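Tertiary structure, described
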Amino acid sequence: MADDPMANHPAFGGLPLIFGGNVFGWTTDRDRGFEILDAFHEAGGRMIDTAEVYGHDIKSEAVIGEWMESRGVRKDMLIATKTGIPGIPGALAPDKVRTALQGSLERLRTDYVDLYYVHKDDETTPLDEVVDVYDEAVHSGKAREVGGSKYTVDRLKAIVALAEERGKTPFTWFQPKYNLVARAEEYEGELQDFCLAKGIAVAPFYSLAAGFLTGKFRSAGDWKGSTRDYALEAAAADGGWRVLDTVRAVAADIGVPPAQVAIAWVKAQPGIAAPLASATSPAQLADLVAAVSLALSAEHLARLDAG
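The numbers attached to residues start from 1 for each chain and follow its sequence in the written order. Given that the model is predicted, a residue must reach a pLDDT of at least 70 before its local features are reported, and side-chain atom pairs must reach 80 or more before they are shown or counted; all residues, however, enter totals for whole chains, interfaces and linings. Water and hydrogen atoms were dropped before computing side-chain values, which therefore reflect all heavy atoms in the structure.

Looking now at helix 6 (residues 190-198). For each residue, the accessible area found with a 1.4 Å probe, counting protein chains only, is set against the maximum for its type, and the residue is called buried under 20%, exposed over 50%, and partly exposed in between. Secondary structure is summarised from DSSP: a helix means a run of H or I of at least four residues, a strand means a run of E of at least two, and numbering begins at the N terminus for each. Buried residues of helix 6: Leu 191, Gln 192, Phe 194 and Cys 195, and no others. For helix 6, the angular spread of the buried residues around the axis is 160°, confining them to a single face. Residue contacts are defined here by distance: any two heavy atoms, one from each residue, within 4.5 Å place the two residues in contact. Residues of helix 6 that are buried make contact with helix 5 (153-165), strand 6 (173-175) and strand 7 (201-202). Positive phi appears at Gly 199, one or two residues downstream of helix 6, with a value of about 70°. The arc in question is the one traced by the directions running from the helix axis out to the C-beta atoms.

Here we take up the sheet that holds strand 2 (residues 47-49). Two strands make a pair as long as DSSP finds a minimum of two bridges between them. Spatially, eight strands are ordered 7-6-5-4-3-2-1-8 in an open sheet, and the strand pairing comes out parallel. Each of the sheet's edge strands pairs with one partner strand only, and the pair in question is strand 7 and strand 8 (276-277).

Before going further, it helps to spend a moment on the nonpolar core. Counting 87 residues, the largest nonpolar core has Tyr 134, Tyr 151, Leu 156, Ile 159, Phe 212 and Leu 213 as its most contacted members. Discounting residues that sit within four places of it in the chain, Tyr 151 has contacts with Leu 92, Val 118, Asp 121, Val 130, Leu 156, Ile 159, Phe 171, Phe 174 and Leu 191. If you look at the next biggest cluster of nonpolar residues, it comprises 13 residues, including Ile 18, Leu 78, Trp 173 and Ala 201. The criterion is simple. A nonpolar core is a set of buried Ala, Val, Leu, Ile, Met, Phe, Trp, Tyr and Cys residues joined through side-chain atoms within 4.5 Å.

For the rest of this paragraph, the subject is the layout of surface pockets. As a volume, the largest pocket reaches approximately 990 Å³. Of all the secondary-structure elements, those providing two or more residues to the lining of the largest pocket are helix 7 (229-236), strand 8 and helix 10 (282-291). The element contributing the most residues to the lining of the largest pocket is helix 10, with three residues. Site definitions follow a grid-based scheme: protein atoms alone, a 1 Å grid, a 1.4 Å probe that fits but cannot get out for cavities, and for pockets an open set with protein on both sides within 12 Å along at least five of seven lines, plus lining residues having an atom within 4 Å of a point. Grid points are joined across faces, edges and corners, and a volume is the space filled by probe spheres set on the points.

The next point concerns unusual backbone geometry. Of note, Lys 150 is a non-glycine position whose phi angle comes to about 55°, a positive value. Here Lys 150 lies in the loop between strand 5 (143-149) and helix 5. Non-glycine residue Ala 210 carries a positive phi angle of around 60°. With respect to the secondary-structure elements, Ala 210 resides in the loop between strand 7 and helix 7.

In structure tokens form, the structure reads like this:
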């Protein structure tokens, strides 16, 4: 959108797409991860999102770190990672954040991250302590920018205001769940208005609703036993199938896969710096790359907005 301060955000160069590294060490092993990351880099992709908790037998951060080191591309890439997801009281206490950040840096084989997120708000740790330790991360050179995820609008406003009042580094990024079947839950409305007013870059996760909006599912039985069955059930609830029918119809009009339409819709929304999405194969990645170049017409956007 022409009046959107996030349009053409400088972070991404020529490809406004953030690769979701949650698949590494979970549904994608090291070798396939390297193949996908090579393809992402070759396509012009420059930002990868991960977290200390992503991965099982091997951590996502470790896959990304080994790949960057082996390819000599650290300076090319923008790396975002996070701490605080378990929701354990005190997870954002300063000493825990310092330890977590150092662990992430070691796994990523780097001495800084470009963006360090609070993965989940911790209401038991005073906000001033959170502000201080994230400001410390920036001033120590271990993080370039800081941001938040899973904050209510009131808590996000409070932590940004406190940082500004105290002359500390404020959150400049926000990561909500946001897609065509999960809209007002974490982003649209007052929170979106606040991010726009403050120029906070929004990088939503679940842009494809855990794969629901790819159009590959025809009934709930199709994802039985999937590692994402809980998320797919949530996407299908409350009119999800109706929305998917609209996505399929628009995709048929344009002649592209449904996933491209769903991603292009996210990219077109106010405040979005870039959609965040994952792929488990180079073919899936090619769809994501094509999607961020797809400009939906006003008519198609209106149809999608109406569900």
